[in-house]
Amino acid sequence: MPTLITPAGIEVHYETDGDPAGRPLVLVHGGGAQLIGWHDEFVARLADAGFFVVRPDNRDVGLSQQTGGPDEFAATYDLSDMADDVVALLDHLGIGSAHLAGMSMGGYIAQLVAIEHPERVASLGLMSTSPSSEPEFLVGTHGDGQPVSRAPELLGRAAYIEMFVGGQRSYQSPGFPFDAEESAALGARYYDRVYRPDGLVRQWNAMLRGPLERRDDLCEVTVPTLVIHGRGDQSLHWRAALAFAEIMPRAEVHLYEEMGHDIPRELWPDFVRAFARTAARAERGDHA
């Protein structure tokens, strides 16, 4: 299992797909999501499009390091520290700059890599995310903004899978059918790979530690940026996509009427083409 120890002493697990000589593309997932949350077939399509795909487990989920015990919930890090983990991964792989894409919380992390380490980012892909944690962009459970001081109830395998399917159903794209069987299979893989719900709590608390506001800094990010958002997003409002377009000089926005807070299979071909087009813009030097 490929792992690295970051300069901060955090063990990060990652997986790679595609030709190492291809365009490096790092996929950073959202809160509580393991790297297998990026569907294998979607990753294969990206590899077929010429990308060398790198997927890390963020700290506190999956096979990466848990930063506290089952009864320790206060985050000792923030989103900038998680961005530093991504940079350490690039260093470990000998990648000078990469195309970087993030989903939800992963989008927050990707933004901070571009802000704090601009030389390491060739292009950005921001999926179902926002440039700020201001209430105007938050809906659903993200709207309370309160720290959590206890872990979710520990569940057996069957109960966890049922909960996982229910959670995915609540975030599903309203314009496409929900595949409960596929969701259950992913939930089973999550549980069997590693089940540590306390890690999700620490990630949530890390998000609240910030940085919460990034708009002023994002004005200085000039790499080609792909923004993907659904009008049916149940977590982060689609207005966030328009905000990126207002403040980032090279943002290309794709709003999908039928999309929620997920990565629907029906849109994978469009997403892969858009990632490839954004990478090509970067290679042409399409910057400010």
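Residue positions are counted from 1 within each chain, in the order its sequence is given. Residues qualify for local features only when their pLDDT is at least 70, as the model is predicted, and side-chain atom pairs are given and counted only at 80 or more; totals for whole chains, interfaces and linings, by contrast, use all residues. Based on all heavy atoms of the structure, the side-chain values leave hydrogens and waters out of the count.

## Things to note about the sheet that holds strand S6 (residues 121–127)
- Read across the sheet, eight strands follow the order S1-S2-S4-S3-S5-S6-S7-S8 without closing on themselves; strand pairing throughout is mixed. The open sheet has two edge strands, strand S1 (3–5) and strand S8 (251–256), and neither has a second partner. Taking the axes of each pair of neighbouring strands and ignoring which way they run, one obtains an average angle of 20° across the sheet.
- Pairing between strands is defined by DSSP: at least two bridges between the two strands are required. Helix and strand assignments come from DSSP, with helices taken as H or I runs of at least 4 residues and strands as E runs of at least 2, each series counted from the N terminus. Pairing analysis gives six bridges linking strand S7 (residues 225–230) to S8, with the strands arranged parallel. Lines fitted to C-alpha atoms define the axes, with helix axes restricted to the stretch in contact, and inter-axis angles between N-to-C directions lie between 0 and 180 degrees.

## Notes on the packing of helix H2 (residues 79–93) against helix H3 (residues 105–116)
- With their axes 8 Å apart at the nearest point, H2 and H3 run at an angle of 75° to one another. When the interaxial angle is binned, H2 and H3 end up roughly perpendicular. Of the residues in H3, those in contact with Leu79, Ser80, Met82, Ala83, Val86 and Val87 of H2 are Met105, Tyr108, Ile109, Leu112, Val113 and Glu116.
- Note that Gly is not counted as nonpolar here; it falls among the polar residues with everything else outside the nonpolar set of Ala, Val, Leu, Ile, Met, Phe, Trp, Tyr, Cys and Pro and the charged set of Asp, Glu, Lys and Arg. Across the contact of H2 with H3, the residue classes tally to ten nonpolar, one polar and one charged. Roughly parallel means an angle under 35 degrees; roughly antiparallel means over 145; roughly perpendicular covers 65 to 115; every other angle is labelled oblique. Contacts are residue-level and defined by heavy atoms, with any inter-residue pair within 4.5 Å sufficient.

## Some points on the packing of aromatic side chains
- Between 30 and 60 degrees the pair is tilted, below 30 it is stacked and above 60 it is edge-to-face, where a pair is any two Phe, Tyr or Trp rings, Trp via its six-membered ring, whose centres lie within 6.5 Å. Within the structure shown, the criterion is met by seven aromatic pairs.
- Three or more aromatic residues link up through ring pairs in this structure, and these residues are Tyr160, Phe164, Tyr190, Tyr191 and Tyr195.
- Across from the ring centre of Phe51, 5.8 Å away, lies the NZ or CZ of Arg23, which sits over that ring.
- Distance and angle both matter: a charge sits over a ring if NZ of Lys or CZ of Arg is within 6 Å of the ring centre and within 35 degrees of the ring normal. Above the ring of Tyr108, the side-chain terminus of Arg214 is found at 4.4 Å from the ring centroid.

## A word on the side chain of Arg120
- With respect to the helices and strands, Arg120 occurs in the loop between H3 and S6.
- Definition of a polar contact: a pair of N or O atoms within 3.5 Å, with one able to donate and the other able to accept a hydrogen when the atoms are protein atoms, and with sequence-neighbouring residues admitted only if both atoms are side-chain atoms. One polar contact links the side chain of Arg120 to the main-chain carbonyl oxygen of Ile95, over a distance of 2.8 Å.
- Residue contacts for Arg120: discarding those within four places in its chain leaves Val87, Leu90, Asp91, Ile95, Gly96, Ser97 and Ala98.

## Here's the deal with helix H5 (residues 180–193)
- With 14 residues, H5 extends 20 Å between its outermost C-alpha atoms, agreeing within 8% with the 20 Å of an ideal straight helix rising 1.5 Å per residue.
- Within the sequence span of H5, burial applies to Ser183, Leu186, Gly187, Ala188, Tyr190 and Arg193.
- Elements that come into contact with the buried residues of H5 comprise strand S2 (11–17) and helix H4 (157–170).
- Sitting at the amino-terminal end of H5 is Asp179, which places a side-chain oxygen 3.2 Å from the backbone nitrogen of Glu181. One less than the residue count of a helix, multiplied by 1.5 Å, gives the span that helix is expected to have. Working definition: with a 1.4 Å probe on protein chains only, accessible area under 20% of the residue-type maximum means buried, over 50% means exposed, and in between means partly exposed.

## Overview of the pairing of strand S5 (residues 98–103)
- In terms of residue burial, S5 counts as a mostly covered element, since six of its six residues are buried.
- Of the two faces of S5, the one carrying Ala98, Leu100 and Gly102 and the one carrying His99, Ala101 and Met103 are both buried.
- Sheet topology places strand S3 (residues 23–28) next to S5; four bridges connect them, and they run parallel. Each bridged residue has a counterpart across the sheet, and for Leu25 the counterpart in S5 is His99.
- By the bridge criterion, six bridges tie S5 to S6 in an arrangement that is parallel. Opposite Ala101, over in S6, you have Gly125 as the bridge partner.
- Here is how to tell: hold the view so the strands point away, follow the path from the first strand over the helix to the second, and if it runs clockwise the crossover is right-handed. Between the parallel pair S5 and S6, the chain is carried across by H3, and the sense of this crossover is right-handed.

So, to be careful, I would describe these as geometric facts and stop short of saying anything about function.
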